[in-house]
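Analysis of the macromolecular model
For reference, the chains in residue letters:
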Amino acid sequence: MGALKPWHIAVLVVVLILLFGAKRLPDAARSLGRSLRIIKAETKSLADDDRDLAEKADAQTARQPLPPQNVQQQPYAAPQQPAAPPAVDPVQRVRDN
């Protein structure tokens, strides 16, 4: 029971031809093949992406920090800027003229 026999396949083909017509079956099979090809390519690219992420994670865990260096740090001195002229209110400047 459950074995697919040749007459089962023949009945299935006849039913498909009656339902869809002889002209539509090749197009349907072709589009099904394209869809399966696309799905296969996408799953392969997802698996490659996962593998690339795993390799990057392994590479990052293999890195070790640099040893500390004994360099004396000088206090930060802000660069001196030339003195800017005092800001003048444009409205006041118009009133003065």
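**Comments concerning the overall build of the protein chain**
Secondary structure assignment for the protein chain yields three helices and zero strands. Looking at the protein chain as a whole, 0% of its 97 residues qualify as buried. For the protein chain, the exposed area adds up to about 10200 Å²; of that, 61% sits on carbon and sulfur atoms.

**Digging into a negative patch on the surface**
Among the surface-exposed residues, Asp49, Asp50, Asp52 and Glu55 lie close enough to one another that they form a single negatively charged patch. Along the chain, the position of Asp52 falls in helix α2 (residues 24-62).

**Some thoughts on the pattern of salt bridges**
Overall, the coordinates contain two salt bridges when judged by the stated rule. In this structure, Asp27 engages Arg30 in a salt bridge whose closest nitrogen and oxygen atoms are separated by 2.9 Å. Note that Asp27 and Arg30 are positioned in helix α2 at a spacing of three residues, about one turn of the helix. Classification of Asp27 as partly exposed rests on a relative accessible area of 45%. Residues Arg51 and Asp48 are paired through a salt bridge, measuring 3.2 Å at the closest nitrogen-oxygen approach. Remark: Asp48 and Arg51 occur in helix α2; sequence separation between them is three residues, near one turn of the helix. Here Arg51 falls in the partly exposed class, since its relative accessible area comes to 47%. Since its relative accessible area comes to 26%, Asp48 is described here as partly exposed.

**Quick notes on a nonpolar patch on the surface**
Side chains of Trp7, Val11, Leu12, Val15, Leu16, Leu19 and Phe20 sit close together on the surface and give an oily, nonpolar patch of about 710 Å² of accessible area. Relative to the helices and strands, Trp7 resides in helix α1 (residues 6-20). Judged by its relative accessible area of 55%, Trp7 falls in the exposed class.

Definitions and cut-offs
- Residues numbered from 1 in each chain as written.
- Predicted model: local features only at pLDDT ≥ 70, side-chain atom pairs only at ≥ 80, totals over all residues.
- Heavy atoms only, no water.
- Helix = DSSP H or I, 4+ residues; strand = E, 2+ residues; numbered from the N terminus.
- Buried < 20%, exposed > 50% of the residue type's maximum accessible area, 1.4 Å probe, protein only.
- Areas by Shrake-Rupley, 256 points an atom, 1.4 Å probe, with all protein chains shown as cover.
- Patch = residues over 30% accessible without salt bridge, like charges linked within 9 Å, V, L, I, M, F, W, Y side chains within 5 Å.
- Salt bridge = Lys/Arg side-chain N within 4 Å of Asp/Glu carboxyl O.
- Lys, Arg positive; Asp, Glu negative; His and termini not counted.
- Charge placed at Lys NZ, Arg CZ, Asp CG, Glu CD.

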